[in-house]
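Spelled out from the first residue to the last, the chains are:
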Amino acid sequence: MGNADIRELAVIEEVSFAALSGSVVAVDAHNWLYRYLTTTVKWTNDAIYTTADGTEVANLVGVVQGLPKFFEHDLTPVFVFDGAVVDLKDEEVSERRRERERAEEKLEAARERGDDIAVARLESRTQRLTDTILRTTRELLGLLDVPVIEAPAEGEAQAAYMAREGDVDYVGTEDYDALLLGAPLTLRQLTSSGDPELMDFQATLARHDLTWEQLVDAAILMGTDFNEGISGIGPKTAVKLLAEHGDIWAVFEARDAYVDGADRIRELFLDPAVTDEYSVETDSSPDVAAAREFVCDRWEVDPGEVERGFERIEDSLVQTGLDQWE
DNA sequence: CTAAGCAA
DNA sequence: TTGCTTAGG
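Owing to the predicted nature of the structure, the values given are computational and were not obtained by experimental measurement.

Undergrad: Can you walk me through the pattern of salt bridges in this structure?
TA: Opposite charge on two side chains permits them to pair, given that their charged atoms come into close proximity. Using the criterion set out here, one finds 10 salt bridges in the structure. Here Glu197 ties to Arg7 by a salt bridge, and the two come within 2.9 Å at their closest N and O atoms. Here Glu197, found in strand E7 (residues 197–200), pairs with Arg7, found in helix H1 (residues 2–9); they are 190 residues apart in sequence, far enough to count as distant. In this structure Glu197 comes out as buried when scored by relative accessible area, which is 9%. Under the relative-accessibility criterion, Arg7 is labelled partly exposed at 33%. The partner of Arg308 in a salt bridge is Glu311, and the shortest N-O contact between them spans 3.5 Å. In this pair, Arg308 and Glu311 both sit in helix H16 (residues 303–323), three residues apart, roughly one turn of the helix. Connected through salt bridges with shared partners, the residues Arg7, Glu174, Arg188 and Glu197 form a single ionic network.

Undergrad: Would you mind showing me how to read the protein's contact with DNA strand C here?
TA: In the region of DNA strand C, eight residues are neighbours, and Ser231, Gly232, Gly234, Lys236 and Thr237 sit closest. A breakdown of the atoms of DNA strand C within 4 Å of the protein gives sugar and phosphate a share of 94%. Interatomic distance of 2.9 Å between a backbone N/O atom of Gly234 and a phosphate oxygen of DNA strand C. Note that a phosphate oxygen of DNA strand C is positioned 2.5 Å from one of the side-chain N or O atoms of Thr237. Top element by residues in the surface near DNA strand C is helix H12 (residues 235–245). It accounts for three residues. Of the residues contributing to the surface near DNA strand C, the split by class is two nonpolar, four polar and two charged.

Undergrad: Honestly, the pairing of strand E3 (residues 76–81) in this entry has me stumped. Any pointers?
TA: One face of the sheet, then the other: side chains in a regular strand alternate in exactly this way. In terms of burial, E3 is largely enclosed, as six of its six residues are buried. Side-chain alternation along E3 places Thr76, Val78 and Val80 on one buried face and Pro77, Phe79 and Phe81 on a second face that is also buried. In this sheet, E3 lies alongside strand E2 (residues 24–28) in parallel orientation, the contact comprising five bridges. Counterpart to Val24 in the pairing with E3 is Thr76. Where E3 meets strand E4 (residues 148–150), three bridges bridge the pair, whose relative direction is parallel. Across the sheet, residue Phe81 finds its bridge partner in E4, namely Glu150.

Undergrad: Help me understand the environment of Val25, please; the structure alone is not making it clear to me.
TA: Structurally, Val25 can be placed in strand E2. For the pair Val25 and Tyr170, spaced 145 residues apart in sequence, the C-alpha separation works out to 4.7 Å. Among all residues touching Val25, those that are not within four sequence positions of it are Leu75, Thr76, Pro77, Val78, Tyr170, Val171, Gly172, Leu187 and Leu190.

Undergrad: Would you mind going over the environment of Val216 with me for this structure?
TA: The topology assignment puts Val216 in helix H11 (residues 212–222). Taking relative accessible area as the criterion, Val216 reaches 0% and is therefore assigned buried. Sequence-wise, Val216 and Phe269 are 53 residues apart; in three dimensions their C-alpha atoms are separated by 7.2 Å. Not counting the four nearest positions on each side in its chain, Val216 is found in contact with Leu180, Arg266, Phe269 and Leu270.

Definitions and limits used
Residues numbered from 1 in each chain as written. Chains lettered and ligands numbered in written order. Predicted model: local features only at pLDDT ≥ 70, side-chain atom pairs only at ≥ 80, totals over all residues. Heavy atoms only, no water. Salt bridge = Lys/Arg side-chain N within 4 Å of Asp/Glu carboxyl O. Helix = DSSP H or I, 4+ residues; strand = E, 2+ residues; numbered from the N terminus. Buried < 20%, exposed > 50% of the residue type's maximum accessible area, 1.4 Å probe, protein only. Near = heavy atom within 4 Å. Polar contact = N/O pair within 3.5 Å; in protein donor to acceptor, adjacent residues only side chain to side chain. Nonpolar A, V, L, I, M, F, W, Y, C, P; charged D, E, K, R; others polar. Pairing = 2+ DSSP bridges. Contact = heavy atoms within 4.5 Å.

In C-alpha cells:
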C-alpha cells in the first residue's frame, strides 16, 4: 500500500523539541487520540480505563499523559477534530467493512481461546473513537484551555489549510497524507519518546522537481487510502512518469492503465472541504483543578493513573510563567 | 505499522 | 525497482 511509498518521496529530517519551542502545532485530534489509545494506554490493563457502567475513558488518561509533552517543550497544541466523514467510493466503504468484520471475528476467536496477547493486539485494531470518547476529550481540552477547532470534514485537511495560511507553524500527525494536503511542515512522532520527525513539503517538491499536483498524481499512481495503485508503479517510476508525461491523465494514456475516480481523489487532496471559521488562541489558562475533578470524580479514573500527568502540566505552567520574566 | 531481506 | 514475506513493536 501507498503509505510507505510516500515516505520514500518525502524529505524528512529529525528535529529536536528545543528547536520547536514557542511554535503552534495543529494536531489531527483523531489521529493523535487513536495513536494514544492503541499504543500507550490500551496496551496495559483494560479495567482501570472503564467506568462502572462500562464507558471507556482511556482517552482521558491519554490526554492527561499526552499534553505535558507539548507544554514542557513550550509548544502550543491546537486540536482539530474531524467533521463529517468524507464519502468514499462504495467499494472502498464495503472493503473497509469487510476488513472490520474479519478483524472482529478474529478477536472473538482469540477471546474464546483465551489468548490475551492476540486479544490486545486485535482490540487495538478494532478500536473506534466513540462519540463519548470524542465528547469527553473535547470537554477535557476545554477545561485545560487547549484550543479546539471543528473541521467541516477531515481534520487533517483543515490542519494543513491552517498551516498553509500561516495560522499555525506545523501540522502534527502520523499520517503522510498531510504532505499531499500541502501542509508546509509536518511533525511526526510527537507522541513517541524519541525526537520528532519533520516533513518538508517544499523541499519534497524541489527534490523531485514536482508540482503539488504532480505529487498528488504520483501518490494516486502508487496508491492512496482512496485507491489501489497501479501495479508496477512505485515511487521511482511514478516520479519518472510524471516528469515524462506531465500529469496523471497523460500517464494513464501512455500506460493504458486507469484509476477510477482519479479526479475526485485529486480534489480530496488539492481542494478539500475546509473552513475559515476558526481562531487560534495561543495564550491559555488551564483550570487544572476542574480537569482533575472531571477526570477523577466525574469519570472515575483512578487518580494514580493521571496524577503524574497533572503534576507535569502544573509544573510546565509555572515554568512558562517564569520564562516571561527572564 | 515499519524495517529488512529476497525473488523476479 | 517493485512486491511479498517475515520479524518485531
